[in-house]
Amino acid sequence: MTGIVIAQTTIDDEEQAKALARGAVENRLAACAHIDQPFTAVYWWDSAIQTAREWRISYKTTTERLPELEAWVSKQHGYEVPEWITLPVTGGSEAYLAWVVEESTPRSAG
């Protein structure tokens, strides 16, 4: 295990997707965030099958920062029950993984 995770959520508005991605990076909750092209989601909600156009946001962060990222996304997200899935990163280039750790770490004042 690397201590790095990919956390994912989806949202039905492109501008909100950009705000969720940018805000997490600005707050150093994630080193980076990718926004996938829109796709069609089909799911159960309110006892009926729903269809929506959504964007997936994938955050690269550390397991240490994950709880704070999850809390921040939950607060900023417009869905009643936002998707929140985490995937462990089991390997990768040492340089990239070190970059994720560095860029997910809050800067000290001074």
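Keep in mind that this is a model prediction, so the values were computed, not measured. (Residues numbered from 1 in each chain as written. Predicted model: local features only at pLDDT ≥ 70, side-chain atom pairs only at ≥ 80, totals over all residues. Heavy atoms only, no water.)

Caption draft 1: Expanded view of the overall build of the chain. Within the chain, the secondary structure is distributed over 3 helices and 5 strands. If you list the helices and strands of the chain from N to C, you get β-α-β-β-β-α-β-α. Put simply, the chain has 110 residues, and 35% of those count as buried. Accessible area for the chain stands at about 6800 Å²; split by element, carbon and sulfur atoms hold 50% of it. (Helix = DSSP H or I, 4+ residues; strand = E, 2+ residues; numbered from the N terminus. Buried < 20%, exposed > 50% of the residue type's maximum accessible area, 1.4 Å probe, protein only. Areas by Shrake-Rupley, 256 points an atom, 1.4 Å probe, with all protein chains shown as cover.)

Caption draft 2: Seen up close, the side chain of His77. With respect to the secondary-structure elements, His77 resides in the loop between helix H2 (66-76) and strand E5 (85-88). For His77, a relative accessible area of 7% puts it in the buried group. With sequence-adjacent residues up to four places away left out, His77 is seen in contact with Thr9, Thr10, Ile11, Leu20 and Pro82. (Contact = heavy atoms within 4.5 Å.)

Caption draft 3: Highlighting the packing of aromatic side chains. Scanning the entire structure with this criterion turns up 2 aromatic pairs. Ring centres of Tyr59 and Trp84 lie 6.3 Å apart, and the angle between their planes is 40°; on these two criteria the pair is classed as tilted. Highlighted residues: Tyr59 in strand E4 (residues 48-62) and Trp84 in the loop between H2 and E5, separated in sequence by 25 residues. Taking the relative accessible area as the measure of exposure, Tyr59 reaches 0% and is therefore buried. Pairing Tyr96 with Trp99 gives two aromatic rings, centres 5.6 Å apart and planes at 35°, and the pair type is tilted. In this pair, Tyr96 and Trp99 are both assigned in helix H3 (residues 94-104), 3 residues apart and thus about one turn of the helix distant. Tyr96 gets classed as partly exposed once you look at its relative accessible area, which sits at 35%. (Phe/Tyr/Trp six-rings, centres within 6.5 Å; stacked < 30°, edge-to-face > 60°.)

Caption draft 4: Seen up close, a nonpolar patch on the surface. On the surface, Val42, Trp44 and Ile49 cluster together into a nonpolar patch covering about 390 Å² of accessible area. Looking at where Ile49 falls in the secondary structure, it is placed in strand E4. (Patch = residues over 30% accessible without salt bridge, like charges linked within 9 Å, V, L, I, M, F, W, Y side chains within 5 Å. Salt bridge = Lys/Arg side-chain N within 4 Å of Asp/Glu carboxyl O.)

Caption draft 5: Just the environment of Ser93, in detail. When you line up the elements, Ser93 lands in the loop between E5 and H3. Take Ser93: its relative accessible area is 45%, and that puts it in the partly exposed class. C-alpha of Ser93 to C-alpha of Ala17: the two residues are 76 residues apart in sequence and 28 Å apart in space.

Caption draft 6: Spotlight on the packing of helix H1 (residues 14-26) against H2. Axis separation between H1 and H2 bottoms out at 11 Å; the angle between their running directions is 145°. Of the two possible hands of crossing, H1 and H2 adopt the one that is right-handed. Within the contact between the two elements, H1 uses Ala19, Leu20, Gly23 and Ala24 and H2 uses Leu69, Trp72 and Gln76. Of the residues belonging to the contact of H1 with H2, the class tally is 5 nonpolar, 2 polar and no charged. (Axes fitted to C-alpha atoms, helices over the stretch in contact; angles between N-to-C directions. Left-handed = near helix turned anticlockwise from the far one by under 90°. Nonpolar A, V, L, I, M, F, W, Y, C, P; charged D, E, K, R; others polar.)

Caption draft 7: Focus on the layout of surface pockets. Size it by volume and the largest pocket reaches roughly 240 Å³. Across the lining of the largest pocket, the residue classes break down as 8 nonpolar, 1 polar and 3 charged. (1 Å grid on protein atoms, 1.4 Å probe; cavity = no way out; pocket = protein on both sides within 12 Å on 5 of 7 lines; lining within 4 Å. Points joined across faces, edges and corners; volume = space filled by probe spheres on them.)

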